Amino acid sequence: MDRRLFLLGSAAVAASQLPACGGGSGESTAVDGNSIVTAGEDSRARPVTPTPAPTSPKARVIVIGGGMAGATVAKYLRLWGDAIDVTLVERSASYTSCILSSLVLTGQRTMSSLAFNYDKLRTNYGIRTVFEDVVAIDPVAPSVTLASGTRLVADRIVMAPGIDFDPVTGLTDPNAMPHAWKAGPQTTLLTQQLKAMPANGVVVLTVPKAPYRCPPGPYERACLLADWIRVNKPQGKLIVLDANPDFVTEKDNFTRAFIDLHGKVIEYRTNVVIDSVDPGSRTLFTNGGAVRGDVVNLIPAQRAGALVQASGLANATAGRFAAVDVLDYSSTFAPKVHVIGDSSATTQPKAGHIANQEAKVCADALARILAGGSPDPAPVTNSACFSTITMSQASWLHALFQYDAASRSMQPVSAATRASVGWGRESFKDMGTWYQALMADSFA
Ligand SMILES: Cc1cc2nc3c(=O)[nH]c(=O)nc-3n(C[C@H](O)[C@H](O)[C@H](O)COP(=O)(O)OP(=O)(O)OC[C@H]3O[C@@H](n4cnc5c(N)ncnc54)[C@H](O)[C@@H]3O)c2cc1C
C-alpha cells in the first residue's frame, strides 16, 4: 500500500479516537514532555496524544503562513515526519477561507462560517503555533525573524504566505474599490456596498491578468452577482472587465452562462487594461475608455506574498512567483526553503485544493529527505473545483496532475480531467460536502 495512503488511514483512526482534544478550546497549548496539556483541560483526564511533539526532534521545520497550504503541510509533517518538530508562524489566530466567500456577497454565507482556528493542529498533532508576522528569513542558514525581533532557527523553512496585489495607480483608498480577494473585512465591505446600491445600479468587476488566485473565481463571482442582481436590483447591470483575451478556464460553461443565462445583466469586455482609477467617482480609466460603477470590485494583478518577494525567491513569472522543484517544492533560489500554495509558480492552478495537495507532496518529500532519503519521484496531485453559476446551481471541474520527468513539471492527465456539461443543483450541494472535507483535511 502507498505509504501516504497507509499513514493517512492510521491518522484518521487516531483522530477519530480523540474524545477531549478534538473540540479545541481556543486556549493556549503547552507542550509538556511526551504529552500535550491544554490549559483549562481537566488535568485528571488521560491526555490523548496521537502525535506528541518530540523531546529530541530529528529535525525542525518552520512553516510560514497558516492558510490552505501552510496548515496542511504542518499537519502532515507531524503525521508523516516521524518526530519532526513543526512550528507554524501565522499573522492571525483565525483563518478566513476565501473558498465560498463570494457566497457572503449574496447573503448565503456568513463570515463566521468561513472561519477556522489552529486549536486542532496544536492539540491533535503537537504543532507549535506562533501568531506573529514574519518580517524576514535567512534562506541559506534557515532562520525566521518575527516582527517582535525574535529569531527562530530551523533545518528547513516552508513558505506559504499566499498572494499580494500589485498597486493600482490612483487607488489611494483600497476600500473605495474593494477586491475582496483575500476573504476578510473587504468581503464584508463589498457586501454592504452591493446592498446599498440603487435598484438600477451598475457593478463593475475586474478580472486580473493570469496567473492569479483561483482561475474560475472571478467568473463564478460574476455569475453569482448577476443572479443576485436579477433578484435584488432588477434594473441593475454588471460590467465584467477582463484583462485576458478570453475566459481563463471552463470556457464552455462560462460562455453559456454569461451569454444565455445572464446575458440581460452581464456585459463582458475582454483585453481591458486598467491604467488608473479615480476612487472618488468610482471610475476606471482603461484602454477602452472610462468605466464608472456604483460598486467597483477591483481585483488587481497578483504576485507571491510579500515575504517571498523580499527574500529574493520570486524568480519566475517575470519576478512574480517562486520557481520550485515540484518533487519537493524547494525553491530554485534557496534549496532549504520550500514554497507551496499560491506563492509558487507551477503548472497547476492557484487554488485551495491544489495548495492542500502541494502541501502533502512537500510534507512527504521533507519527511523522506530529513530521514536521509529522496522525494517520491512520481508525485500526483488532484483538484476538484465547483463554480457557482447561479445562487443555487454549480458546475464542476476535476483535474489530475502527474509528474513529467522530461519537463520536470506537473502535467494534467487528460483521461482523468473532466468538466461538467452545464450546471445543476446537485453540484451545488456537492460543493458544500467537498468544502467540509477539504477544510477538515487542512485544519482538523
Ligand atoms: C473568492 C475566492 C474563491 C475561491 N474559491 C476556491 C475554490 O472554490 N476552490 C479552490 O480550490 N480554491 C479557491 N480559491 C483559492 C484559494 O483560496 C487559494 O488558492 C488558497 O487560499 C491558497 O492557499 P495559500 O495557503 O497559498 O494562501 P492563503 O490561504 O491565503 O494563506 C496564506 C496565509 O499566510 C499568512 N501570511 C502571509 N504573510 C505572512 C507573514 N509574513 N507572516 C505570517 N503569516 C503570513 C496569511 O495571514 C494567510 O493566513 C478561491 C479564492 C477566492 C479569492
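Residues numbered from 1 in each chain as written. Predicted model: local features only at pLDDT ≥ 70, side-chain atom pairs only at ≥ 80, totals over all residues.

A.B. asks: Please provide a residue-by-residue account of the overall build of the protein, values included.
C.D. replies: Helix and strand content of the protein: 10 helices and 28 strands. Relative to its 444 residues, the protein shows a buried fraction of 47%. Across the protein, the fraction of contacts at a sequence separation of at least 24, relative to all contacts at a separation of at least 6, is 67%. (Helix = DSSP H or I, 4+ residues; strand = E, 2+ residues; numbered from the N terminus. Buried ≥ 20, exposed ≤ 12 C-beta atoms within 10 Å, placed from the backbone. Contact = placed C-beta atoms within 7 Å.)

A.B. asks: If you had to explain the nonpolar core to someone new, which residues and values would you point to?
C.D. replies: Among the nonpolar cores identified, the biggest contains 115 residues, and Val63, Val73, Leu77 and Leu238 are the most heavily contacted of them. Considering every element that reaches this core, the biggest residue donor is helix α9 (residues 352-370), with 10 residues. When residues of this core are assigned to domains, at least three fall in each of domain 1 (3-164 + 303-374) and domain 2 (171-300). With residues up to four places along the chain from it excluded, the contact list for Val63 reads Gly70, Val73, Ala74, Val86, Leu88, Val89, Val158 and Ala160. (Core = buried A, V, L, I, M, F, W, Y, C linked by C-beta atoms within 7 Å. Domains from an automatic or database assignment.)

A.B. asks: Give a description of helix α2 (residues 68-80) that names residues and reports values.
C.D. replies: Here α2 is 13 residues long and its end C-alpha atoms lie 18 Å apart, about the 18 Å a rise of 1.5 Å per residue gives. The element α2 is extensively covered by neighbouring structure, given that 13 of its 13 residues are classed as buried. At the exit of α2 stands Asp82, carrying a positive phi of roughly 50 degrees. (Expected span 1.5 Å × (residues − 1).)

A.B. asks: Can you break down unusual backbone geometry residue by residue, with the values?
C.D. replies: For the bond from Ala210 to Pro211, the omega torsion is 0 degrees, close enough to zero to count as cis. Mapped onto the elements, Pro211 comes out in the loop between β13 (202-207) and α6 (217-232). Located in the positive-phi region is Cys214, a residue other than glycine, with phi close to 60 degrees. In this structure, Cys214 sits in the loop between β13 and α6. Residue Thr317 is not a glycine yet carries a positive backbone phi of 50 degrees. Structurally, Thr317 can be placed in the loop between α8 (306-310) and β21 (322-325).

A.B. asks: Got a sec to walk through the site of the ligand? Specific residues and values, please.
C.D. replies: Around the ligand lies a shell of 36 residues, among which Gly65, Gly67, Cys98, Gly162 and Gly341 are the nearest. Elements supplying a minimum of two residues to the shell around the ligand: α2, β4 (84-90) and α9. Here the residues of the shell around the ligand are counted per class, giving 16 nonpolar, 14 polar and six charged. Residue assignment places the shell around the ligand across two domains, with domain 1 (3-164 + 303-374) and domain 2 (171-300) each supplying three or more. (Near = placed C-beta within 6 Å. Nonpolar A, V, L, I, M, F, W, Y, C, P; charged D, E, K, R; others polar.)

A.B. asks: Please set out α6 residue by residue, giving values where relevant.
C.D. replies: For α6, which comprises 16 residues, the first-to-last C-alpha distance of 22 Å matches the rise-based estimate of 22 Å (1.5 Å per residue) to within 8%. Of all the 16 residues making up α6, 13 are buried; the element is thus mostly covered by neighbouring parts of the structure.

A.B. asks: Can you break down the pairing of β13 residue by residue, with the values?
C.D. replies: Of all six residues that make up β13, six are buried, and the element is covered over most of its length. Bridge analysis of β13 against strand β14 (residues 237-242) gives six bridges, and the strand direction is parallel. Bridge pairing in β14 links Val207 to Asp242. Running through α6, the crossover from β13 to the neighbouring parallel element β14 is right-handed. (Pairing = 2+ DSSP bridges. Right-handed = clockwise from strand over helix to strand, strands pointing away.)

A.B. asks: Got a sec to walk through the packing of α9 against helix α10 (residues 425-443)? Specific residues and values, please.
C.D. replies: Interhelical geometry of α9 versus α10 gives an angle of 35 degrees and a closest axis separation of 11 Å. Once α9 is placed against α10, the crossing between them reads as left-handed. Seen from α9, the contacting residues are Gly352, His353 and Asn356; seen from α10, they are Leu438, Asp441 and Ser442. Tallied by class, residues from the contact of α9 with α10 come to one nonpolar, four polar and one charged. (Axes fitted to C-alpha atoms, helices over the stretch in contact; angles between N-to-C directions. Left-handed = near helix turned anticlockwise from the far one by under 90°.)

A.B. asks: A description of the sheet that holds strand β17 (residues 283-286) should follow, citing residues and the corresponding values.
C.D. replies: Sheets are built from strands that pair by backbone hydrogen bonding, the pairs being arranged parallel or antiparallel. Spatially, β16-β17-β18 is the arrangement adopted by the three strands of the open sheet, whose pairing is antiparallel. Two strands close off the open sheet at either side, each with one partner strand: β16 (274-278) and β18 (289-292). Taking the axes of each pair of neighbouring strands and ignoring which way they run, one obtains an average angle of 25 degrees across the sheet. Direction of pairing for β17 relative to β18: antiparallel, over a ladder of four bridges.

A.B. asks: Lay out the pairing of strand β27 (residues 409-412) with the relevant residues and their values.
C.D. replies: Where strand β26 (residues 394-404) lies against β27, four bridges are found, and the strand directions are antiparallel. Directly across from Tyr403, in β27, lies its bridge partner Met410. A loop of four residues connects β26 with β27, the two strands running antiparallel in sequence, and Arg408 in this loop sits at a positive phi of about 50 degrees.

Purely spatial values, then, with no claim about function.
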